[in-house]
Amino acid sequence: MEPWQARKRRWQGMAEGRTLVGPHTVHVDLANGCNTNCTTCWDHSPLLARPRPAAWKRRIFELERFVALAADLASLQSVESAILAGMGDPFVNPFIYDIIAECKRQGWRVTVLTNALLADPERIAALGVDAMLVSVNGASPASYAAFHPNLRASDFGRLKALLARWQVLGVPVKHVQVINRDTAPELVAMVEFAAQYGARHVTFKLASLGGGTEACAITEAQRAQLREQLVPAAQALAARLGVATNLDVFARQLAAGGLATTPIEDIGCFMGWRYARITVEGELLYCCATALRVGHLDQGPFSAQWFGAEWEAMRARLRAGDYLPACRQCGKFNQNVKLAAKVRERFGEAVYRSLTGRQVSDNTKRGTDAQGGKESIANHAIANHVAATDH
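Below: a short report on this structure. What you see is a predicted model, and the numbers here were worked out from it, not measured in a lab. (Residues numbered from 1 in each chain as written. Predicted model: local features only at pLDDT ≥ 70, side-chain atom pairs only at ≥ 80, totals over all residues. Heavy atoms only, no water.)

### Some remarks on the layout of surface pockets
Then comes step 1: Size it by volume and the second largest pocket reaches roughly 170 Å³.
Then comes step 2: Forming the boundary of the second largest pocket are M1, E2, P3, L73, A74, Q77, S78, V79, E80, Q106, G107 and W108.
Then comes step 3: In terms of residue class, the lining of the second largest pocket is built from 6 nonpolar, 4 polar and 2 charged. (1 Å grid on protein atoms, 1.4 Å probe; cavity = no way out; pocket = protein on both sides within 12 Å on 5 of 7 lines; lining within 4 Å. Points joined across faces, edges and corners; volume = space filled by probe spheres on them. Nonpolar A, V, L, I, M, F, W, Y, C, P; charged D, E, K, R; others polar.)

So, in structure tokens, the structure goes:
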């Protein structure tokens, strides 16, 4: 199957509520351990009421197991992209460069999500990594050290040297800026920092907090300042400097209120047809949230479980708009916003509403009935789209 064929079948299956093809992107955690301890982290923050045990932090995804997984994923003839990350940092895994090479051998686009401090910039460039998604979290030595309590202000200089080297080597780098009480005042400076080091994009994320990390949440005064002053100023600067951002989506995150970071009911979830995450332990996750578990590699090949009962039950649940508490802190909100727009564009409002558990309006239903359509609104739209593109 060619990539375009897999994409076409995925869209059709998504609209019909059926799983016709494997995922586009698979996210694999390579290590639980980390060289930093971000205050917002659910696994390594010093604020956690229940810290992770040392044995858990030592676990990695072994090379032999990854090679076997890659072969199984390739058999689906749908995977185009691999995200290498972790509950910790992927460069803690000593096999990471071999794993990157295996992904490239399969022909996949490779994105590495990392704090970058352990990475070898020359090896990254030589392997042809498609994107380094660098978790920066700060725009000054002071904020960087506050966000990473085990680091010093001088470590910010190390990070800048790495970013500068990748800029020279032509390695595509994107920045992630998690916003909490320590980083919120620097929102505008983060845009300038991205321009200085040639970042292809900056993703701003409101920190998802729990288990004790709530102590570093933004204040309500900061939320108001972000919405009324800093986001508009950052958007204006990004436009002037030519820096791509998701500040429009970040503004929607700020509107969620409290510890919620995403108004997921307003958008819907489309991850179950496109994306999957696999932990170091082999757990299969529906999205990046560990609460949405849908299997385990010990239960059989990924390629079989993707079409299995657990995954299908979760797809049906979220398609009906029955969200879990973790969904209110959706880590894939940016992607869901983009996919929601594409569903509306391709299939129309009726299909979009059917995929997010909403009722179709009486006006829309009457309009379809007036055309004499015998199919459901959703199937009518799907049939038209498929017919128009089936050549």
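### Structural notes on the nonpolar core
Then comes step 1: The biggest cluster of nonpolar side chains holds 80 residues, and the ones touching the most others in it are M132, W166 and F302.
Then comes step 2: For this core, the element with the highest residue contribution is helix 13 (residues 333-347), accounting for 6 residues.
Then comes step 3: The contact partners of W166, leaving out residues within four places of it in the chain, are A116, A119, P121, I124, M132, V134, V171 and V173.
Then comes step 4: Counting 22 residues, the second-largest nonpolar core is a separate cluster that includes A139, I218, V231 and L237. (Core = buried A, V, L, I, M, F, W, Y, C linked by side-chain atoms within 4.5 Å. Buried < 20%, exposed > 50% of the residue type's maximum accessible area, 1.4 Å probe, protein only. Helix = DSSP H or I, 4+ residues; strand = E, 2+ residues; numbered from the N terminus. Contact = heavy atoms within 4.5 Å.)

### So, the sheet that holds strand 6 (residues 202-206)
Then comes step 1: One open sheet accounts for 9 strands, arranged 6-5-4-3-2-1-7-8-9; its pairing is mixed. Each edge of the open sheet is held by one strand with a lone partner, namely strand 6 and strand 9 (293-296). Strand-to-strand twist across the sheet, computed as the mean angle between neighbouring axes with direction ignored, equals 20°.
Then comes step 2: Examined bridge by bridge, strand 1 (residues 25-31) and strand 2 (residues 81-86) share 6 bridges and lie parallel to one another. (Pairing = 2+ DSSP bridges. Axes fitted to C-alpha atoms, helices over the stretch in contact; angles between N-to-C directions.)

### Points about the pattern of salt bridges
Then comes step 1: For the coordinates displayed, the defined rule picks out 18 salt bridges.
Then comes step 2: With its nearest N and O atoms 3.3 Å apart, the salt bridge here joins R59 to E281. Taken as a pair, R59 in the loop between helix 2 (54-57) and helix 3 (63-75) and E281 in the loop between strand 7 (275-278) and strand 8 (283-285) lie far apart in primary sequence, 222 residues in all.
Then comes step 3: As a salt-bridge pair, R223 and E220 come within 3.3 Å of each other at their nearest N and O atoms. In this pair, R223 and E220 both sit in helix 9 (residues 220-241), 3 residues apart, roughly one turn of the helix.
Then comes step 4: Classification of R223 by relative accessible area gives buried; the value is 6%.
Then comes step 5: You can call E220 exposed: its relative accessible area is 53%. (Salt bridge = Lys/Arg side-chain N within 4 Å of Asp/Glu carboxyl O.)

### A word on helix 3
Then comes step 1: In this model, helix 3 (13 residues) spans 19 Å end to end at C-alpha, consistent with the 18 Å of a helix rising 1.5 Å per residue.
Then comes step 2: Buried within helix 3 we find F66, L69, A70, D72 and L73. Buried residues along helix 3 cover an arc of 165° about the axis, so they all sit on one side.
Then comes step 3: On its buried side, helix 3 packs onto strand 1, strand 2, helix 4 (96-105), strand 7 and helix 11 (302-305).
Then comes step 4: Looking one or two places after helix 3, you find Q77, whose phi comes out positive at around 55°. (Expected span 1.5 Å × (residues − 1). Arc of directions from axis to C-beta.)

### Notes on the packing of helix 3 against helix 4
Then comes step 1: Between helix 3 and helix 4, the shortest axis-to-axis distance is 10 Å and the interhelical angle comes to 15°. Viewed along their axes, helix 3 and helix 4 adopt a mutual orientation that is roughly parallel. Here helix 3 runs over helix 4; the crossing is right-handed. Contact residues: L63, F66, V67 and A70 in helix 3; D98, I99, E102 and C103 in helix 4.
Then comes step 2: Considering only residue class, the contact of helix 3 with helix 4 consists of 6 nonpolar, no polar and 2 charged. (Parallel < 35°, antiparallel > 145°, perpendicular 65-115°, else oblique. Left-handed = near helix turned anticlockwise from the far one by under 90°.)

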